[in-house]
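Take a look at the letters that make up each chain.
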Amino acid sequence: MFRNTFQSGFLSILYAIGSKPLQIWRKNINNGYVKRITDFEMQSSVIEICGANVSTCFLTCPSNPKQTLGVKMPFLVLLIKYLKKYFTFEVQVIDDKNVKRRFRASNYQSNTRVKPFICTIPMKLDEGWNQIHFNLTDFTRRAYGTNYLETLRVQIHANCRIRRIYFTDQLLSSKSIPAEYRAFSNAQDDNAEEQYQNQLNNEPNQIMQGEEQYQAEYQEEHLEEQQHMEGEHEQEHQGGEEEGGEEGQEQGQEQHQDQGQEQGQEQGQQNQEELPKNEEQNQKAEEGGNAGEEQQKEENNNAGEGAPQEPPAEQ
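Residues numbered from 1 in each chain as written. Predicted model: local features only at pLDDT ≥ 70, side-chain atom pairs only at ≥ 80, totals over all residues. Heavy atoms only, no water.

Caption draft 1: Up close: the overall build of the protein chain. The secondary structure content of the protein chain amounts to two helices and 13 strands. Relative to its 315 residues, the protein chain shows a buried fraction of 35%. Here the protein chain displays about 20400 Å² of accessible surface, and carbon together with sulfur accounts for 43% of that area. (Helix = DSSP H or I, 4+ residues; strand = E, 2+ residues; numbered from the N terminus. Buried < 20%, exposed > 50% of the residue type's maximum accessible area, 1.4 Å probe, protein only. Areas by Shrake-Rupley, 256 points an atom, 1.4 Å probe, with all protein chains shown as cover.)

See the structure below:
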């Protein structure tokens, strides 16, 4: 959107005073509202966004999801009024590794967390109007060790009042900034600048602490996963041994049955082979017995014929 535009000084993407302050913004409102009202403390028109759930009530720029801002300026400034409710905003950037990163700042978080594609940062807001300075170059380098190239998208969630959102190429003292780019009166300039310097000094430490905490949590999760995987491998190994033992028993039983069947078949065949032999032997024995009986009969007959006959008795 602004990639081919000459970028120097201040570049506003939202200004509440004007005919169409949300011309390049898209509204996503669920159980909430966005409207322009007059703030008595600021004595000018502001945009108020409120909703029951901060995640479902927000403004995003650019309005077209396929477009990007293409702003190369490293400092994002938001003039926001704290309504004593939950509030968060997101900035999506791209670094020299061609990776899209998101920075989410909110007043309901207590710890900084650095993940591969999103960095969540706690944000402390004072009562009334706040001037939030976001150093995109410093955050990208400290969180991911890469160089900031440009901003792709800005998203403002409920609940807050907005006077102006703009980019700048350098941070100036409050007295050097034009009045329409400030949220504080001249009497508040010194105190606001001191608070801003304290914020800049504390945020890098919070990022480093959050990164260390994330690394520790990641190592713990990785260790738990390894232990879980080792336990699963042991269970699978034990289950494999049990299955192997059962298979071995089944195979042994099958082999034993097969051997018994084979032996039974062999014995049956041998018995069948021996039956004809026994029958032949029995037949031969019977024939031999019959022959013996016939010989004996013949001998008896012969003996009867050759014996002398007794003379008949005299009368």
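After that view of the structure, there is still more to cover.
Caption draft 2: Representation of the environment of Phe103. Inspection of the secondary structure assignment puts Phe103 in strand β8 (residues 100-106). Note on Phe103: relative accessible area 0%, which makes it buried. C-alpha of Phe103 to C-alpha of Thr140: the two residues are 37 residues apart in sequence and 8.9 Å apart in space.

Caption draft 3: A look at unusual backbone geometry. Across the junction of Cys61 and Pro62, the peptide omega takes the value 5°, indicating a cis bond. At the junction of Ala158 and Asn159, the peptide bond is cis and its omega measures out at 10° in the coordinates. Its place among the elements puts Asn159 in the loop between β12 (148-157) and β13 (160-168). Positive phi, normally seen in glycine, also occurs at Asn31, with a value near 60°. Take Asn31: it is sitting in the loop between β2 (26-29) and β3 (32-39).

Caption draft 4: Region of the structure containing the pairing of β8. Direction of pairing for strand β7 (residues 88-95) relative to β8: antiparallel, over a ladder of seven bridges. Bridging from a neighbouring strand, Ile94 pairs with Lys100 of β8. Counting the residues between successive antiparallel strands, the hairpin from β7 to β8 contains four residues, one of them, Asn98, with a positive phi of roughly 60°. Two elements, β8 and strand β10 (residues 118-122), share five bridges in a ladder whose sense is parallel. By the bridge assignment for β10, Phe103 is matched with Cys119. (Pairing = 2+ DSSP bridges.)

Caption draft 5: Representation of the environment of Phe6. As for its position among the elements, Phe6 is in the segment before β1 (10-15). A relative accessible area of 74% places Phe6 in the exposed class. Distance in space between the C-alpha atoms of Phe6 and Val71 is 9.9 Å, their sequence separation being 65 residues.

Caption draft 6: Here's a closer look at the pattern of salt bridges. Within this structure, the stated rule accounts for 13 salt bridges. In this structure, Asp39 and Arg161 form a salt bridge, with 2.7 Å as the shortest nitrogen-oxygen distance. Placement of the pair is Asp39 in strand β3 and Arg161 in strand β13, with a sequence separation of 122 residues. Like Asp39, the residue Arg161 is buried in the burial classification. The salt bridge involving Arg102 is made with Glu90; its shortest N-O contact spans 3.2 Å. Of this pair, Arg102 sits in strand β8 while Glu90 sits in strand β7, placing them twelve residues apart in sequence. Residue class for Glu90 comes out buried when judged on its relative accessible area of 10%. Several salt bridges converge on common partners, so that one network encompasses Asp39, Glu41, Glu48, Lys81 and Arg161. (Salt bridge = Lys/Arg side-chain N within 4 Å of Asp/Glu carboxyl O.)

Caption draft 7: Molecular detail of the packing of aromatic side chains. Under the criterion given, the structure shown has ten aromatic pairs. On the numbers, 5.8 Å between centres and 75° between planes, the contact of Phe89 with Phe134 is edge-to-face. One end of the pair, Phe89, is in strand β7; the other, Phe134, is in strand β11 (residues 128-135), and 45 residues separate them in sequence. We classify Phe89 as buried; its relative accessible area is 0%. A relative accessible area of 3% places Phe134 in the buried class. One aromatic cluster is present, built from ring pairs that chain together Phe87, Phe89, Phe103, Phe134, Phe139 and Tyr144. For Arg164, the ring lying beneath its charged end belongs to Tyr15, and the centroid distance is 3.6 Å. (Phe/Tyr/Trp six-rings, centres within 6.5 Å; stacked < 30°, edge-to-face > 60°. Lys NZ or Arg CZ within 6 Å of the ring centre and 35° of its normal.)

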